[in-house]
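# Geometric and topological summary
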Amino acid sequence: MMKELAIFLSKSLLGWLVIQMCLSFIFLLYVRTWRSKNIPDEQLPKAAVIICLRGADPFLPNCLEALLQQNYPNYDLKVVVDSQDDPAWKIASDSIDKLAATNAQINHLRVIRHNCSLKCSSLIQAISDLDDSYEVVALADADTIVHPHWLRELVSPLGDPKIGATTGNRWYVPTNRYWGSLVRYTGNIATVVQMYLFGIPWGGTLAVKTEVLRQTGLLEKWAQSFGEDLMMPNVLKKHGLRVKFVPSLIMVNREECDLLGIIEYLQRFLLYSRLYHPQWLAIVSEAVSSILFPTLSIIVFLLSLGDAQWDVAGLLLNSYSIYTLGLLLLMLVMEIGLQPVICAQGQPGTQLSVARMGKMLLAIPLTQWVYGLAMLSSVWISTVKWRGIIYRIHSHDDIRLVEYHAYDFLDQPIDSKISL
C-alpha cells in the first residue's frame, strides 16, 4: 500500500514540476517577445493617476516623486489620503512641494463607506470627482516605484478597442533579512505566472478608460467590494473586453516582510481570491499540487524510514529532491529571464550568491507550509484586519467595515522597511 502511494506521489511531483516549467516558459516567452508601441504625444489621452494612501509606506516618497515625473504629455496625480492626520498626508505634501508639481492634488477621504474596503471608497471618490476631460484612469499603489515611461506604456495599449484594462505586476526582491520576505518572493513567482495566464490585473499598476468604467458599472460594483482588481476580468468579459498584461510594467518591490506579516497577508489574499477570482477552483487545484503532494511525500518518507522500507524511502527522497531542485532552477530561470525588464527600469539586478541560493532552496518547503497554513485558515475566517481596519466579510457583495480609526505613527512597524 505504501509503495503504491509512494509511486503515485512521485509521479505527481514530477508531473507537476513539468507543468510548472511549461507554464513559466510560456510566460517568459511572452515577456521576451513583447514589443511596446510608440504612440505620438498628441494621440495620448488625458489621464488621471490615482493613488490611495493610508499610512507611511516604506518607499512612499520615492513612489510619489516617480509618479510626478512621468514622460507623459497630459496627466494629473490625484492623491486620496485616509485623513489629514495620517502620516502619509505630510509625505505627499512634501513630495509635491519638493518638485513644485502643478499637476497634483491631495484630498482626504470625505465619506467612509461601510459596505466596501477603504481603498474602494477612495477610488470611487477620486473617479467621481473627475471631469469629462479625463479619458483614462490609472491606478498605482504606494509600494509601486514606477519608471519614467510607466504611464505611457500603461495607457498605449488601450487604443485597441478590445482591451478594457492594462496592467503590470510586482516583483519582490529576495533578501536575507527576513524569512517572510523570502517566502513572499518565492510564492510571488508562481503568482505572477498565474495572473498572466488567467488575465488577472494588479491594482498597483492598472489603467482603464473612463468610458469603460461607465459602460461596465465598475464603480457601483466597487461600492460593495473588498477590492478593485480581481473582479475585473469577469466584468470586462461580459462586455467583450479583456485585460492586457504589459511585461515592461513588472515593478520591483524592495520592502521587507516577517513571517507573521506574510501569513496575515496570505489569509487576506486567499479570502479575497475565493470571493472574486474567476478561476478559484484552478487556484485550489494548484495549491493541492504545490502544497499537499510535497508535504505528503515528506510524511510518507518518514513513515517508510520507520518501517525500514528503504526502497520506498529512496524513491520518495529522489523524487522530492528532483522536485525541489527543479523548483530552485525554475526560480533562477525566472529571475534571470526578468533581469532585462528590471535593468531597463534602471533598477539594480538581484545578486544571486551561493548563500542566497541556499536560502532560496530552504524557502521552497517553508513557502509550501506557510501557504498551506494560510489556505486552511482562510477557509473559516470571516473577519479581516487590513492596515488597522476591521472588516467582516459574509460574501463577495456583503462587506462590512466594523472598526475604524485614523492611521497614526503608532500604527507604523518598528522596522521602517516592513510592508504595511
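Computed from a predicted structure; not experimentally measured.

Calculation notes
Residues numbered from 1 in each chain as written. Predicted model: local features only at pLDDT ≥ 70, side-chain atom pairs only at ≥ 80, totals over all residues. Heavy atoms only, no water. Helix = DSSP H or I, 4+ residues; strand = E, 2+ residues; numbered from the N terminus. Rg over C-alpha atoms; globule rule 2.2 N^0.38 Å. Buried < 20%, exposed > 50% of the residue type's maximum accessible area, 1.4 Å probe, protein only. Areas by Shrake-Rupley, 256 points an atom, 1.4 Å probe, with all protein chains shown as cover. Lys, Arg positive; Asp, Glu negative; His and termini not counted. Charge placed at Lys NZ, Arg CZ, Asp CG, Glu CD. Salt bridge = Lys/Arg side-chain N within 4 Å of Asp/Glu carboxyl O. Contact = heavy atoms within 4.5 Å. Pairing = 2+ DSSP bridges. Right-handed = clockwise from strand over helix to strand, strands pointing away. Axes fitted to C-alpha atoms, helices over the stretch in contact; angles between N-to-C directions. Parallel < 35°, antiparallel > 145°, perpendicular 65-115°, else oblique. Left-handed = near helix turned anticlockwise from the far one by under 90°. Nonpolar A, V, L, I, M, F, W, Y, C, P; charged D, E, K, R; others polar. 1 Å grid on protein atoms, 1.4 Å probe; cavity = no way out; pocket = protein on both sides within 12 Å on 5 of 7 lines; lining within 4 Å. Points joined across faces, edges and corners; volume = space filled by probe spheres on them. Expected span 1.5 Å × (residues − 1). Bend = angle between axes of the 7 residues up to and from the residue.

Here we come to the overall build of the protein chain. Secondary structure assignment for the protein chain yields 13 helices and 10 strands. Computed over its C-alpha atoms, the radius of gyration of the protein chain comes to 22 Å, within 12% of the 22 Å expected for a compact globule of 420 residues. Burial analysis of the protein chain (420 residues in total) assigns 58% to the buried set. Put simply, the protein chain shows about 18700 Å² of open surface, and 60% of that area lies on carbon and sulfur atoms. Each charge class in the protein chain was averaged separately, 35 positive and 37 negative side chains, and the resulting centres sit 5 Å apart.

A complete count under the given rule lists 12 salt bridges for this structure. The salt bridge involving R152 is made with D41; its shortest N-O contact spans 2.6 Å. Here D41 lies in the loop between α1 (2–33) and β1 (47–53) and R152 lies in helix α5 (residues 150–155), a separation of 111 residues in the sequence. Residue classification places R152 among the buried residues on the basis of a relative accessible area of 14%. Measuring nitrogen to oxygen at the nearest pair gives 2.8 Å for the salt bridge that ties R170 to D143. Of this pair, R170 sits in strand β5 (residues 163–172) while D143 sits in the loop between β4 (136–140) and α5; the two residues are 27 residues apart in sequence, bridging distant segments of the chain.

Moving on, we come to the environment of I50. Position of I50 relative to the elements: it lies in strand β1. Take I50: its relative accessible area is 1%, and that puts it in the buried class. Considered as a pair, I50 and S321 are 271 residues apart in the sequence and their alpha carbons are 46 Å apart. Among all residues touching I50, those that are not within four sequence positions of it are K78, L123, A126, I127, V137, A138, L139 and A140.

Moving on, we come to the pairing of strand β2 (residues 75–81). Of all 7 residues making up β2, 7 are buried, and the element is well covered by its neighbours. Along β2, one buried face is formed by Y75, L77, V79 and V81 and the opposite face, lined by D76, K78 and V80, is buried too. Bridge count between β1 and β2: 7 bridges; the pairing is parallel. Looking at the pairing, V49 lines up with L77 of β2. Each parallel crossover has a hand, and for β1 linked through helix α2 (residues 60–67) to β2 it is right-handed.

Another point: the packing of helix α10 (residues 259–276) against helix α13 (residues 354–380). Put simply, α10 and α13 touch, their axes get as near as 8 Å, and they point 50° apart. In this view, α10 runs oblique relative to α13, as classed from their interaxial angle. When you trace α10 past α13, the crossing you get is right-handed. Here L259, I262, I263, L266, Q267, L270, L271 and R274 of α10 come into contact with α13, specifically with L366, V370, Y371, L373, A374, M375, S377, S378 and V379. Considered class by class, the residues forming the contact of α10 with α13 number 13 nonpolar, 3 polar and 1 charged.

In this section: the layout of surface pockets. In this structure, the second largest pocket spans a volume of roughly 750 Å³. G187, A190, Q194, E286 and S290 are, among the 35 residues lining the second largest pocket, the residues nearest its centre. Looking at the lining of the second largest pocket, the elements with two or more residues in it are α1, α6 (179–198), α10, α11 (280–306), α12 (310–344) and α13. Per-element accounting of the lining of the second largest pocket gives the leading share, 10 residues, to α6.

The terminal C-alpha atoms of α13, which comprises 27 residues, lie 40 Å apart, in line with the 39 Å expected from a rise of 1.5 Å per residue. By the largest-angle criterion, A363 marks the main kink of α13, which is about 30°, and a proline, P365, follows within four residues.

The next subject is the side chain of E255. Residue position: E255 is located in the loop between β7 (242–253) and α10. Despite its burial, E255 pairs with no opposite charge, the nearest such side chain being R184 at 4.9 Å. With residues near it in sequence (within four places) discarded, E255 still touches D57, P58, F59, D143, S181, R184, K417 and S419.

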